[in-house]
Amino acid sequence: MAGRINDDDVKAVRDAVPIDAVVSDYLQLRSAGGGNLKGLCPFHDEKSPSFQVSPSKGLFHCFGCQEGGDTIAFVMKIDHLSFSETVERLAAKAGITLRYEEGGYNPASQRGERTRLVEAHKIAAEFYADQLSGPEAETGRKFLAERGFDQAAAEHFGVGYSPVGWDHLTRFLRGKGFTDKELLLSGLSQDGRRGPIDRFRGRLMWPIRDISGEVVGFGARKLREDDNGPKYLNTPETSIYKKSQVLYGVDLAKKDIAKASRAVVVEGYTDVMACHLAGVTTAIATCGTAFGGDHIKILRRLLMDNGSARVIFTFDGDAAGQKAALRAFEDDQKFAAETYIAIAPEGMDPCELRLAKGDEAVQDLVQPRTPLFEFAIRQIVSRYDLETPAGRAAALDEAAPIVARIKNGSSQHEVAVQLAGILGILDTQFVVKRVAQMARWARDRGGRGPAPSPERRSQQSRSYGAPAPQGATGPALNLRSPAHRTERELLKLALQRPELVSPAFDAYGEDEFTAPPYAAVRRAIEDAGGAEQGLESAPEYLARVREAAPDDAVRAMVTELAVEVFHGKTIDEVYAGQQLVQVRLRAVDRRVRDVTSTLTRLGTQSDPDHYAAVQKELWVLQQYGQSLRNGGAAAL
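Residues numbered from 1 in each chain as written. Predicted model: local features only at pLDDT ≥ 70, side-chain atom pairs only at ≥ 80, totals over all residues. Heavy atoms only, no water.

Novice: Looking at this structure, I do not really get the overall build of the chain. What am I missing?
Specialist: Regarding its fold elements, the chain presents 28 helices and 16 strands. In the chain, 66% of the contacts between residues at least 6 apart in sequence involve partners at least 24 apart. In the form shown here, the chain has an accessible surface area of approximately 29,600 Å², with 49% of it arising from carbon and sulfur atoms. (Helix = DSSP H or I, 4+ residues; strand = E, 2+ residues; numbered from the N terminus. Contact = heavy atoms within 4.5 Å. Areas by Shrake-Rupley, 256 points an atom, 1.4 Å probe, with all protein chains shown as cover.)

Novice: I would appreciate a short explanation of the packing of helix H25 (residues 538-548) against helix H26 (residues 552-563) in the present structure.
Specialist: A pair of packed helices is characterised by two quantities: the angle between their axes and the separation of those axes. Between H25 and H26, the shortest axis-to-axis distance is 8 Å and the interhelical angle comes to 150 degrees. Taken together, H25 and H26 sit at an angle that is classed as roughly antiparallel. Where H25 crosses over H26, the two elements pack in a sense that is right-handed. Taking contact as the criterion, the partners of Leu542, Val545 and Arg546 in H25 are, on H26, Arg555, Val558, Thr559 and Ala562. (Axes fitted to C-alpha atoms, helices over the stretch in contact; angles between N-to-C directions. Parallel < 35°, antiparallel > 145°, perpendicular 65-115°, else oblique. Left-handed = near helix turned anticlockwise from the far one by under 90°.)

Novice: Explanation requested: the sheet that holds strand S10 (residues 215-222) in the structure shown.
Specialist: Ordered by their spatial adjacency, 4 strands build an open sheet running S6-S9-S10-S11, and the pairing between neighbours is antiparallel. Both outer strands of the open sheet, strand S6 (160-162) and strand S11 (232-234), are each paired with one neighbouring strand and no more. Mean inter-strand twist for the sheet, computed between neighbouring axes without regard to direction, equals 35 degrees. Sheet topology note: the S10/S11 ladder contains 3 bridges and is antiparallel. Considered in S11, the bridge of Arg221 is made with Tyr232. Against the sheet, helix H7 (residues 138-146) makes contact with strand S9 (203-209) and S10, and its axis sits at roughly 65 degrees relative to S9, the strand it touches most. (Pairing = 2+ DSSP bridges.)

Novice: Mind showing me how you'd approach the packing of helix H18 (residues 389-404) against helix H19 (residues 409-423) here?
Specialist: Where H18 contacts H19, the axes come no closer than 11 Å and their chain directions differ by 165 degrees. Comparing the axis directions of H18 and H19 gives the class roughly antiparallel. Viewed along their axes, H18 and H19 form a crossing whose handedness is right-handed. Contacts between H18 and H19 pair Arg392, Ala395, Leu396, Ala399, Ala400, Val403 and Ala404 from the former with Gln412, Val415, Ala416, Leu419 and Leu423 from the latter. Looking at side-chain class alone, the contact of H18 with H19 contains 10 nonpolar, 1 polar and 1 charged residues. (Nonpolar A, V, L, I, M, F, W, Y, C, P; charged D, E, K, R; others polar.)

Novice: Can you walk me through the nonpolar core in this structure?
Specialist: The nonpolar side chains of soluble globular proteins are, as a tendency, buried together. Residues Phe51, Phe74 and Leu299 are the most contacted members of the largest nonpolar core, which totals 51 residues. Element by element, the count of residues in this core is highest for helix H13 (residues 293-303), at 5 residues. Counting 43 residues, the second-largest nonpolar core is a separate cluster that includes Ala153, Ala285, Tyr340 and Ala344. (Core = buried A, V, L, I, M, F, W, Y, C linked by side-chain atoms within 4.5 Å. Buried < 20%, exposed > 50% of the residue type's maximum accessible area, 1.4 Å probe, protein only.)

Novice: Sorry if this is basic, but what is going on with helix H24 (residues 516-527) here?
Specialist: Structural remark: α-helix, 3.6 residues per turn; residues separated by three or four positions point the same way. Counted at 1.5 Å a residue, the expected span for H24 with its 12 residues is 16 Å, and the 16 Å between its end C-alpha atoms agrees. All of the buried residues along H24 are Pro517, Tyr518, Ala519, Ala520, Val521, Arg522, Ala524 and Ile525. Where H24 is buried, its residues meet helix H22 (482-496), H25 and H26. In the stretch just after H24, Gly529 is the one whose phi turns positive, near 105 degrees. (Expected span 1.5 Å × (residues − 1).)

Novice: Please clarify how the sheet that holds strand S3 (residues 51-54) should be interpreted in this entry.
Specialist: Picture the strands of a sheet paired through backbone hydrogen bonds; they go either parallel or antiparallel. Read across the open sheet, the 5 strands follow the order S1-S2-S3-S4-S5; overall the sheet is antiparallel. Looking at the sheet topology across the chains shown, the edges are occupied by strand S1 (30-33) and strand S5 (68-70). Along the sheet, successive strands turn relative to each other by an average axial angle of 25 degrees, direction set aside. With 3 bridges joining them, strand S2 (residues 36-39) and S3 adopt antiparallel strand pairing. Each residue of the ladder has a partner; that of Gly39, found in S3, is Phe51. Against the sheet, helix H3 (residues 71-79) engages S3, strand S4 (59-62) and S5, with an angle of about 120 degrees to S5.

Novice: Where do I start with the side chain of Asp70 in this structure?
Specialist: Mapped onto the secondary structure, Asp70 falls in strand S5. You can call Asp70 buried: its relative accessible area is 8%. Here the side chain of Asp70 touches Ala73 through a polar contact of 2.9 Å, landing on its backbone nitrogen. Apart from the residues lying within four places of it in its own chain, the contact partners of Asp70 are Arg14, Ile19, Gly58, Leu59, Phe60 and Arg546. (Polar contact = N/O pair within 3.5 Å; in protein donor to acceptor, adjacent residues only side chain to side chain.)

Novice: Please clarify how the packing of aromatic side chains should be interpreted in this entry.
Specialist: Think of a pair of aromatic rings as described by two things: how far the centres are apart, and how the planes are tilted against each other in angle. In the structure shown here, the tally under the stated rule is 17 aromatic pairs. Between the aromatic rings of Tyr128 and Phe218, the centroid separation amounts to 5.1 Å while the plane-to-plane angle is 90 degrees, which identifies the pairing as edge-to-face. In this pair, Tyr128 is assigned in helix H6 (residues 113-131) and Phe218 in strand S10, connecting sequence segments 90 residues apart. In this structure, Tyr128 and Phe218 share a single accessibility class: buried. A centroid spacing of 6.3 Å and a plane angle of 10 degrees characterise the contact between Phe505 and Tyr508, whose relative ring orientation is stacked. Residue Phe505 shares its accessibility class with Tyr508, and that shared class is buried. Members of the aromatic cluster, each reached through a chain of ring pairs, are Tyr26, Phe43, Phe51, Phe60 and Phe74. A cation over a ring is seen here: Lys77 above Phe43, with NZ or CZ 5.7 Å from the ring centre. Taking NZ or CZ as reference, Arg147 lies 3.5 Å from the ring centre of Phe143, over its face. (Phe/Tyr/Trp six-rings, centres within 6.5 Å; stacked < 30°, edge-to-face > 60°. Lys NZ or Arg CZ within 6 Å of the ring centre and 35° of its normal.)

Novice: Explain the pairing of S9 here, please?
Specialist: A regular strand places its side chains on the two faces of the sheet in alternate fashion. Counting buried residues along S9, 6 of its 7 residues qualify, which places the element largely inside the surrounding structure. Both S6 and S9 contribute to a ladder of 3 bridges, which runs antiparallel. Pairing of Tyr161 across the sheet is with Leu204, part of S9. With 7 bridges joining them, S9 and S10 adopt antiparallel strand pairing. From the neighbouring strand, Ile208 faces S10, where its bridge partner is Gly217. Taking the residues between adjacent antiparallel strands as the criterion, S9 and S10 are bridged by 5 residues, where Gly213 takes a positive phi near 100 degrees.

Novice: Whenever I open this one, the environment of His413 confuses me. Can you help?
Specialist: Here His413 shows up in helix H19. Spatially, the C-alpha atom of His413 lies 9.2 Å from that of Lys433, the residues being 20 residues apart in sequence.

Novice: Could you clarify how one ought to interpret the pattern of salt bridges in this entry?
Specialist: If the charged atoms of two oppositely charged side chains come close together, the side chains can form a pair. Using the criterion set out here, one finds 34 salt bridges in the structure. Between Glu512 and Arg584 there is a salt bridge, with the nearest N and O atoms lying 2.7 Å from each other. Taken together, the residues span a long stretch of sequence, with Glu512 in the loop between helix H23 (498-501) and H24 and Arg584 in helix H27 (residues 573-602) at a distance of 72 residues. By sharing partners, the salt bridges in this structure join Arg488, Glu489, Lys492, Glu560 and Glu564 into a single network. (Salt bridge = Lys/Arg side-chain N within 4 Å of Asp/Glu carboxyl O.)

If you want it as structure tokens, here you go:
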């Protein structure tokens, strides 16, 4: 049985790997103020960024879906890993050697399955790359050279060669300690008559990496005439490789995609290589499947749904390419980015174009050309006989919904006018009104107007004790209540800026926080040793507070408060003192009301000593309240 990873090593991993560096492998982050960063949440669909990262605290939190936690929690969630697998992956990235308790360290048995499969792919990629220089791989090198790729290009993209024999890689990986079960699970080997054999034999190999840069699969191109397999053979679906969720080249392109707010979608591995070598470093491709919804999610996170972002599809000019373009348009509304299609002259793909006309031709090809909606319209209209009234009417029926889906209202009107001209319909206004009507129907069926901002959405979902949205784990709170707002600010200070509220905060009781979730957070801070613990190491302090939380809901609230931006403009001792005073003063005023009510119930006929004691308590409370009002934080 796998041993437990040493706690000190887990802490070392958590401290060594900055959370913003890890998150940036999956989405684009921008400044959110106060040292925080923001981006589109990778765990739910959203139009505006509600996902925040606090590098100084090592935490993330989404104010939309309430997911949150530290670096380890993020990787566990986004890559569907176990705790140990996540720690092992991050430890490898940080160069930390882990120690395992309960029986010592046994690499073969104690690493998680995903870690083992990824390691097998990494070793396989190195094995294939080494084989490319051998005599048997001459056909592979010739294939690359004929397409304009030299040795440096092959090394840059990690291209390799799989030997013709039955089990060269299988035997090599066995020698590295991998079991037959692991080789079959990885998809690198398959069952043969006498045990596992290599899945890929005598083929040119492209390593397929996920967005973080880890090899999770391979694309293999047939080279020999006696190979009866398909032209391209990909890794089968495995626990680490889902073809609908990977984009070839995204590990190389992600930074430039985010920086330029532009992505170029091509059809094959050699097209990606040609584009990158020609200077179009935002090119990516699907891996043996159509461009779909999961691919869009990856690009949206990189593009940040910037309205000025552009996605250019460079499908082939043949019928299959046109069909792929129309399929891509079906998902167009999932982008905030503008979508275009670029088709090279004579139907060449980017690789062929680079060979025939050079790098500049490739660069020119991917300059935004025809909007995808316009291409879709022309493809639809071409199927009808526009010489007849019936043909024009049928073309309008199919094309009008396409125009109605154009995001920009003024563009929609302009294209509707163009559609009337393409169809030869003289009554332009009829077409414009038809399109506008369909657009209204679409909005009425599927929309409720523009999505509110994350802050507004959070307020709406929690105002006046309304339940949180389905799937949210954050407790319902009344953010319109001045008391709740102040309590929230004070807890944020205790978690984010403990030096401003210590040691006064640690003297506050749970009963001074009127919202039960806030009282629970206060208790978690106390159980973690108090806010004074945060004066030494913020990440370690926050980790202790999260561990002290009694359940996931309170843990999520701790994370949320630890990354949320303060409402005040200047966060200093004066601001902190105001929050301390307001929370304490409201608690005192509540106690004054309770004691006054007690005196009224007791009346003058009650025990004189008891009555006098209650009177004295009321007087002390009233004097303390007055001191707080007059002296502020100095009276605490």
